[in-house]
Amino acid sequence: MTTLSTLPQVVDIDHYGGNTLTINIKITPEVIAGRVFSAQVRAKPEATRVDANFSVVLNAGGADIVLSSADSQALSARGLYEGVWDVQLAMPDGSDPVTTLACGDFRVHPDVTR
């Protein structure tokens, strides 16, 4: 039997608080096709509160999603932050087609120098 998996690529992230996190997404303009990127961090997949949003910078090879140093500092302000993240493409109004490109566990370790 053949199995077809449409699950996104799993990418677990360990990051250092207070540092900017930039993730390069390599993807062709044809796959983007007028859609916009969204990338978020939440405590759990089912959480209603978004703990942080990545900003998006389109480039010739796809996009960079960026978590600001202020956001990574805030996430780890009370110690090790453990949550989840994902990045997806959807039409500007959030409608189909929606494609989640990557997801995974997300940890931010407290920094020393502030």
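The rules behind the values
- Residues numbered from 1 in each chain as written.
- Predicted model: local features only at pLDDT ≥ 70, side-chain atom pairs only at ≥ 80, totals over all residues.
- Heavy atoms only, no water.
- Salt bridge = Lys/Arg side-chain N within 4 Å of Asp/Glu carboxyl O.
- Helix = DSSP H or I, 4+ residues; strand = E, 2+ residues; numbered from the N terminus.
- Buried < 20%, exposed > 50% of the residue type's maximum accessible area, 1.4 Å probe, protein only.
- Pairing = 2+ DSSP bridges.
- Axes fitted to C-alpha atoms, helices over the stretch in contact; angles between N-to-C directions.
- Phe/Tyr/Trp six-rings, centres within 6.5 Å; stacked < 30°, edge-to-face > 60°.

**Q** Is there a simple way to explain the pattern of salt bridges in this structure?
**A** Pairs can form between side chains of opposite charge once their charged atoms are near each other. By the definition in use, this model includes two salt bridges. For D14, the salt bridge goes to R107, with nearest N and O atoms at 2.9 Å. Here the residue D14 occupies a position in strand β2 (residues 13–16), and R107 occupies one in strand β9 (residues 99–109), the gap between them amounting to 93 residues. The residue R49 makes a salt bridge to D51 at a minimum N-O spacing of 2.7 Å. Accessibility expressed as a relative area gives 59% for R49, which makes it exposed. Assessed through its relative accessible area of 19%, D51 is described here as buried.

**Q** Mind showing me how you'd approach the sheet that holds strand β3 (residues 21–26) here?
**A** Hydrogen bonds between backbone groups are what pair the strands of a sheet, and the pairing can be parallel or antiparallel. Taken in spatial order, the three strands make up an open sheet running β3-β7-β6, and their pairing is antiparallel. Each edge of the sheet is formed by a strand with only one pairing partner; in this case those strands are β3 and β6 (55–59). Strand-to-strand twist in this sheet, taken as the mean axis angle between neighbours without regard to direction, amounts to 20 degrees.

**Q** Which parts of the structure should I look at to understand the packing of aromatic side chains?
**A** For any pair of aromatic rings, the description rests on two quantities: the centre-to-centre distance and the angle between the ring planes. Using the criterion set out here, one finds two aromatic pairs in the structure. Judged by centre distance (6.0 Å) and plane angle (50 degrees), the ring pair of F54 and W85 falls under tilted. With F54 in the loop between β5 (52–53) and β6 and W85 in strand β8 (residues 81–90), this residue pair connects regions lying 31 residues apart in the sequence. The same class applies to F54 and to W85, which are both buried. Taking 6.3 Å as the distance between ring centres and 80 degrees as the angle between the ring planes, the aromatic pair formed by F54 and F106 counts as edge-to-face. Here F106 lies in strand β9 and F54 lies in the loop between β5 and β6, a separation of 52 residues in the sequence. An aromatic cluster is built from F54, W85 and F106, whose rings are joined through pairwise contacts.

Interpretation note: all reported values are geometric properties and have no functional meaning in isolation.
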